[in-house]
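So the chains spell out like this:
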Amino acid sequence: MKVTVIGSGYVGLVTGACLSDLGFKVVCLDKDEEKIRALHEGQVPIFEPGLKEVLSRNRADGRIRFTTDACEAIEHGDILFIAVGTPPSEDGSADLGHVLAVAALIGRHLKGFKLVVNKSTVPVGTADKVRATISHELMSRGMMPDLFDVISNPEFLKEGAAIDDFMRPDRIVVGVDQGPHYARSQRMMGDLYASFNRHHSRTVWMDVKSAELTKYAANAMLATRISFMNEIANLADVLGADVDHIRRGIGADTRIGHSFLYAGCGYGGSCFPKDTQALVSTAKAYGQNMSVVHATEQVNARQKLILVDRLLQRMGQDLTGRKIALWGLAFKPNTDDMREATSRVVIRQLLARGARVSAYDPVAGSEAMKALRHDFAGDLNALERFELVSHEMQALESADALMVLTEWKNFHNPDFVAMKTLMRKPFILDGRNLYNPEALSELGLAYQGVGRRNDLVQFLTFENEQETVPSLRASASGVAVHA
Ligand SMILES: NC(=O)c1ccc[n+]([C@@H]2O[C@H](COP(=O)([O-])OP(=O)(O)OC[C@H]3O[C@@H](n4cnc5c(N)ncnc54)[C@H](O)[C@@H]3O)[C@@H](O)[C@H]2O)c1
């Protein structure tokens, strides 16, 4: 069985690479000529651990190739995966422009039976639209309109661990609808994923609509857990409790579990923000109100500002003359993806208040610069106060504060003594709760986590430091002292 993957981004490349590693002959199609040229030359356009190695060994063995030629690519695969982007539209709904353009492309080039598998995250009912688009193209060529089937196989990989997630899936969701091709489609998908089902079946079979909604439900649930913990953390902050104890206390309950209970400075990325928005929008179109998911989004938007709020409480609204160091720009570790990254919101706020910003990220530097040039397109002068440095310690030189925005491993155990020496005022705003407040307190570093015990925070005197800061000041008993 041969496979074509249409769209060679995070999902398409990982899908193509992993399926070729399982022995399938794979062609990856993309309309981006630059991307395909780079792939031909052995470069990988995204940072994803292990992807380069998997691609290069399968390329060398002739199991995977890359093309911009739609006709050749559609001819090649028995299975055609659609793995193009579904960005948010103005109103928050998923923009199906790329998916339907691919459907039309398939319809224009189809000659014999193909199984069209939608891997992009799409709203319920999209498979019907893809089916209608392909049929329309076929009929306009005078061909049978049911020369194909369209099924749903949403992707659950995590950027940063994508290869591992694909090769060791918790589950594989496949939605197939009853129809003339039902048995054939099920058999083809069963064969495709047989390697993952040898020990026990990981495939969860369902109808197409349920599969489409399962993906949104999964992302909304994960995002909700994060926002829930962020609200608990903010409450812990004013009460003098520690969210890290709470996380362990509730995670030990097997009904809850430990994953996705980390408080921090908000989630970003290409999936949670757009998928929660799209889910709210789908529900609205059907007269339903997804109030939990809507609240999740609102909490997250506020949470992205939490470190800036804390900084302003300490230093006042005007940050002119201040230098703020940032560690981590990507939306999470092990990726260079800057989509909806918290750093973009933070940088905008800091520069708007006159600060200088010195930032370090182990891999996302060039993607960050592209994203910032886009964000500041109308005011590129503001970026003159932003610098990207090539070492984390360099960012700290004469800095008034450090914000840790991404939990890269390099940041887990820094040299705190050196940090204290380098910084003008060693104030650490830990947006990912990496550090032990007690240890930092002993070293004489001012520390502010998200929902960590405030009585361990040491205060430095800034020239225009606010006198009373309700959520920061705490009595020795750990109970916040309100103004
Ligand atoms: N990134 C993730 O972690 C992740 C995880 C699970 C699901 N998803 C979903 O998978 C889908 C793809 O996401 P992504 O992050 O891989 O997107 P991406 O933007 O990284 O890649 C999409 C690719 O599709 C190409 N493309 C667009 N239109 C095309 C066309 N007509 N013909 C050929 N190529 C075309 C683009 O050039 C781009 O290279 C989205 O729906 C996303 O929500 C993403």
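Note that this is a predicted model, so its numbers are computed, not measured. (Residues numbered from 1 in each chain as written. Predicted model: local features only at pLDDT ≥ 70, side-chain atom pairs only at ≥ 80, totals over all residues. Heavy atoms only, no water.)

**Quick look at the site of the ligand**
In step 1: Near the ligand lie 26 residues; those nearest to it are D30, K35, T86, E159 and K274.
In step 2: Between the ligand and K31 there is a distance of 3.3 Å, counted from a nitrogen atom to a backbone nitrogen or oxygen.
In step 3: Contact distances for the ligand include 2.8 Å between a nitrogen atom and a side-chain N or O atom of E159.
In step 4: For the ligand, the accessible surface in isolation is 840 Å², of which the surrounding protein chains cover 89%.
In step 5: Considered class by class, the residues forming the shell around the ligand number eight nonpolar, nine polar and nine charged.
In step 6: When residues are assigned to domains, the shell around the ligand turns out to be shared by domain 1 (2-206) and domain 2 (240-483), each giving three or more. (Near = heavy atom within 4 Å. Polar contact = N/O pair within 3.5 Å; in protein donor to acceptor, adjacent residues only side chain to side chain. Areas by Shrake-Rupley, 256 points an atom, 1.4 Å probe, with all protein chains shown as cover. Nonpolar A, V, L, I, M, F, W, Y, C, P; charged D, E, K, R; others polar. Domains from an automatic or database assignment.)

**Description of the packing of aromatic side chains**
In step 1: Taken as a whole and assessed by the stated rule, the structure comprises eight aromatic pairs.
In step 2: Arranged with centres 5.7 Å apart and planes meeting at 80°, the rings of Y267 and F272 form a pair that is edge-to-face.
In step 3: For Y267, a relative accessible area of 6% translates into the label buried.
In step 4: Given the relative accessible area of 13%, F272 is considered buried.
In step 5: Between W327 and F411, the aromatic rings sit 5.0 Å apart at their centres with planes inclined by 25°, giving stacked as the arrangement. (Phe/Tyr/Trp six-rings, centres within 6.5 Å; stacked < 30°, edge-to-face > 60°. Buried < 20%, exposed > 50% of the residue type's maximum accessible area, 1.4 Å probe, protein only.)

**Considering the sheet that holds strand β11 (residues 386-388)**
In step 1: Taken in spatial order, the six strands of this open sheet run β11-β10-β9-β12-β13-β14, and their pairing is parallel. Looking at which strands have only one partner, the edges of the open sheet turn out to be β11 and β14 (446-448). Here the strands of the sheet are splayed against their neighbours by 20° on average, with no regard to which way each runs.
In step 2: The strands touched by helix α13 (residues 306-315) within the sheet are β9 (323-327), β12 (401-404), β13 (427-430) and β14, with β12 carrying the most contacts at an inclination of about 165°. (Pairing = 2+ DSSP bridges. Helix = DSSP H or I, 4+ residues; strand = E, 2+ residues; numbered from the N terminus. Axes fitted to C-alpha atoms, helices over the stretch in contact; angles between N-to-C directions. Contact = heavy atoms within 4.5 Å.)

**Looking at unusual backbone geometry**
In step 1: In this structure, E340 is a non-glycine residue whose phi angle is positive, near 60°.
In step 2: Among the structural elements, E340 can be located in the loop between β9 and α14 (342-352).
In step 3: The class of E340 is partly exposed, set by a relative accessible area of 42%.
In step 4: One non-glycine residue with positive phi stands out, namely N433, at about 50°.
In step 5: Of note, N433 is situated in the loop between β13 and α18 (437-442).
In step 6: Classification of N433 as buried rests on a relative accessible area of 17%.

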